[in-house]
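So you can see what is in the structure, the chains are spelled out below.
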Amino acid sequence: MAEILVLAEHSGESVKKVTTELLTLARRAGEPSVVWTGAGADAARERLAEFGAAVVYVAGSEDLDDYVVAPKAELLAELVTQHAPAAVLVASTAEGREVAARLAVKTGSGVITDAVDLSADLVAEQSIFGGAIIVQSKVRTGTPIIAVRPNAVAAVPEPGAARVENVSFAATDAAKSAQITERVVAERGERPELTEASIVVSGGRGVGGADNFALIENLADSLHAAVGASRAATDAGWYPHQFQVGQTGKTVSPQLYMAVGISGAIQHRAGMQTSKTIMVINKDPEAPIFELADFGVVGDLFQVVPQLTEEIRKRSD
Ligand SMILES: Cc1cc2nc3c(=O)[nH]c(=O)nc-3n(C[C@H](O)[C@H](O)[C@H](O)COP(=O)(O)OP(=O)(O)OC[C@H]3O[C@@H](n4cnc5c(N)ncnc54)[C@H](O)[C@@H]3O)c2cc1C
């Protein structure tokens, strides 16, 4: 069966959800081999096996931890030369896309980014122009490199052997030109990471001020959700920029997206329109966001959100 390389996204030994999604897609097209960079592979092996990894290539070299993305692209290029896989899958995160682009140049291959689905014959689906158009594309040159949007598909377990193969790797000097000198762990509290969360509650200009974002946070916490924001809200300084959803912010694709006081500008839609279920709270029944909504409440968020939060808390007690 054709080998498909999957670059693992992980935080230490903890396997990120998107890696299990990539494994699920890789199994459609062949046999997945995980490429694990840095430490933590021993503890993660069981989780990778649960989602069908046949092989885990472990490259524990410090070059992969201490420098930015270039060494990862070099490692993948070496593995592509050695194993001639049918495709390479990475997560369509900022880092994943950069690795994909560098790998494409190194291997002379075509690359597809921001895929939301993948067929057994490696046809990737992308959702573009704010979701107005679905594109199906296939790489025709070299080894297909496909970056898949986190949360785009549901991860499905299927046992695999996850046989570990250690890989020795030394990055070139050119790949080591940008070194990581310090790491600062962002304080995130208890909330899930925005692009990985199953539920996202986002607030927009309708929220009316930084202090009022407590309403959005309370609703999010009642659902164990991540908090997002429109650009109007982040530009106004009501919520930090790293939580902006949209064309120039994060792309999310959760099971449930709640848009509160957001009008639904095309640039906002571009970051959330592949969410599985969309719920809207807006006082304007003509707001364009209702075109996307599976459920909508026409009402003042200052009345609707506290009642909704209270009701959810009652039901989850
Ligand atoms: C190049 C470019 C890139 C951009 N990138 C992004 C991006 O990444 N993300 C993004 O979000 N935007 C982006 N924008 C901005 C985008 O065009 C919109 O301006 C922005 O999304 C509007 O944010 P909003 O919906 O919160 O505000 P508005 O459009 O002002 O909408 C506010 C909504 O709140 C409702 N409302 C008001 N009060 C209440 C209330 N009390 N109760 C209930 N509802 C209420 C109103 O009816 C209205 O629908 C970009 C723009 C450009 C030009």
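Residues numbered from 1 in each chain as written. Predicted model: local features only at pLDDT ≥ 70, side-chain atom pairs only at ≥ 80, totals over all residues. Heavy atoms only, no water.

### Side note on the overall build of the protein
The condition is simple: Helix numbering and strand numbering both begin at the N terminus, where a helix is a DSSP run of H or I of at least 4 residues and a strand a DSSP run of E of at least 2. All radius of gyration figures rest on C-alpha atoms, and the globule criterion is 2.2 Å times the number of residues raised to 0.38. Three exposure classes are used, based on accessible area relative to the maximum for each residue type with a 1.4 Å probe and protein chains only: buried under 20%, partly exposed in between, and exposed over 50%. Here a residue-residue contact requires only that any non-hydrogen atoms of the pair lie within 4.5 Å. Surface accessibility in these figures is a Shrake-Rupley result with a 1.4 Å probe; residues are shielded only by whichever protein chains are displayed. His is not counted, nor are the chain ends, whereas Lys and Arg count as positive and Asp and Glu as negative. Taken as the charge location is NZ of Lys, CZ of Arg, CG of Asp or CD of Glu.
Counting its regular elements, the protein contains nine helices and 16 strands. Since a compact globule built from 317 residues should have a radius of gyration of about 20 Å, the 21 Å found for the protein is in line with a globular shape. Taking the principal axes of the C-alpha coordinates as reference, the protein spans close to 60 × 40 × 40 Å. The buried share among the 317 residues of the protein stands at 49%. Contacts in the protein between residues far apart in sequence, at least 24 positions, make up 65% of those at least 6 positions apart. Accessible surface, the protein: about 15000 Å² in total, of which carbon and sulfur atoms supply 49%. Charged side chains of the protein number 27 positive and 40 negative; the gap between the two group centres comes to 4 Å.

### Details of the site of the ligand
The line we're drawing: Here, proximity means that at least one heavy atom of the residue falls within 4 Å of the molecule or strand. N or O atoms closer than or at 3.5 Å make up a polar contact, with two conditions inside protein: a donor-capable atom paired with an acceptor-capable one, and, for residues adjacent in sequence, both atoms drawn from side chains. Each residue gets one label: Ala, Val, Leu, Ile, Met, Phe, Trp, Tyr, Cys and Pro are nonpolar, Asp, Glu, Lys and Arg are charged, and the others, such as Gly, are polar.
Around the ligand, the surrounding shell holds 26 residues, and the nearest of these are R205, S230, T248, S263 and N282. A distance of 2.9 Å separates an oxygen atom of the ligand from a polar atom in the backbone of R231. Relative to its free-state accessible area of 990 Å², the ligand is covered by the protein chains to the extent of 76%. Contributions of two or more residues to the shell around the ligand are made by α7 (231–235), α8 (266–269) and α9 (301–316). A per-class count over the shell around the ligand returns seven nonpolar, 14 polar and five charged.

### Re the sheet that holds strand β8 (residues 124–128)
Rules: Between any two strands, pairing holds if DSSP finds at least two bridges. Axes, fitted as lines to C-alpha atoms, cover a helix only where it is in contact. Angles between the N-to-C directions of the axes lie from 0 to 180 degrees.
Across the sheet, which stays open at both edges, the nine strands sit in the order β9-β8-β7-β10-β6-β1-β4-β5-β11 with mixed pairing between neighbours. Either end of the sheet is taken by a strand with one partner, and the two such strands are β9 (133–137) and β11 (163–166). Averaged over all neighbouring strand pairs, the angle between strand axes comes to 35 degrees, with direction disregarded. Here strand β1 (residues 3–7) runs beside strand β6 (residues 87–91); their pairing, made up of three bridges, is parallel. Across the sheet, L5 pairs through a bridge with V88, a residue of β6. Strand contacts of helix α4 (residues 70–83): β1, β4 (31–37), β5 (55–59) and β6, with the helix running at about 145 degrees to β4, the strand carrying the most contacts.

### Points about the sheet that holds strand β13 (residues 226–229)
Spatially, the five strands line up as an open sheet ordered β13-β12-β14-β15-β16, and their pairing is parallel. This sheet does not close on itself; its edge strands, each paired only once, are β13 and β16 (295–298). Strand after strand, the sheet turns through a mean of 15 degrees between neighbouring axes, direction not considered.

### Quick look at the pattern of salt bridges
Under the convention used in this document: By definition here, a salt bridge exists when the distance from a side-chain nitrogen of Lys or Arg to a carboxyl oxygen of Asp or Glu is within 4 Å.
Counted by the stated rule, this structure contains 14 salt bridges. Taking the shortest distance from any N to any O, the salt bridge between R191 and E217 comes out at 3.6 Å. A residue pair is termed long-range when its members are at least 10 positions apart, and R191 in the loop between β11 and β12 (199–203) and E217 in helix α6 (residues 213–222) qualify at 26 residues. Residue E217 is classed as partly exposed on the basis of its relative accessible area of 23%. A salt bridge links R269 to E291; the shortest N-O distance between them is 2.9 Å. With a gap of 22 residues between them, R269 in helix α8 and E291 in the loop between β15 (277–282) and β16 connect regions that are remote in the sequence.

### Some points on the packing of α6 against α9
Heads up, the rule is: What sets the label is the angle itself: under 35 degrees gives roughly parallel, over 145 gives roughly antiparallel, 65 to 115 gives roughly perpendicular, and the rest give oblique. A crossing counts as left-handed when the near helix is turned anticlockwise from the far one by less than a right angle, and as right-handed when that turn is clockwise.
With their axes 9 Å apart at the nearest point, α6 and α9 run at an angle of 25 degrees to one another. Taken together, the axes of α6 and α9 are roughly parallel relative to one another. The hand of the α6/α9 crossing is left-handed. Contacts between α6 and α9 pair L215, N218, L219, D221 and S222 from the former with L301, F302, V305, P306, L308, T309, I312, R313 and S316 from the latter. Classifying every residue of the contact of α6 with α9 by side-chain character gives eight nonpolar, four polar and two charged.

### Regarding the environment of V245
With respect to the helices and strands, the residue V245 is situated in the loop between α7 and β14 (256–260). Of the residues examined, V245 reaches a relative accessible area of 2% and is grouped as buried. In contact with V245, other than residues within four places in its own chain, are L194, S202, G228, A229, K250, V252, Y257, H268, G271 and M272.

### Side note on the environment of I133
Structurally, I133 is set in strand β9. The class for I133 is partly exposed, based on a relative accessible area of 39%. Not counting residues up to four positions away in its chain, the partners in contact with I133 are Q126, S127 and I128.

### Observations concerning the nonpolar core
Put simply, the rule reads: Nonpolar core, defined: a set of buried Ala, Val, Leu, Ile, Met, Phe, Trp, Tyr and Cys residues in which side-chain atoms within 4.5 Å join the residues together.
By size, the foremost hydrophobic cluster in this structure holds 33 residues, and its most contacted members are W36, L48, L89 and I146. Mapped onto this core, the elements with two or more residues apiece are β1, α1 (17–29), β4, α2 (41–50), β5, β6, β7 (111–118) and β10 (145–148). A total of six residues in this core trace back to one element, the largest contributor, which is α1. With near-sequence residues (within four places) excluded, W36 lies in contact with A8, H10, G12, E13, V15, A41, A44, L48, V56, Y57, V58 and A59. Within the second largest apolar cluster, 28 residues are counted, among which are A59, L76, A100 and A147.

In short, shape yes, function no, at least from these values alone.
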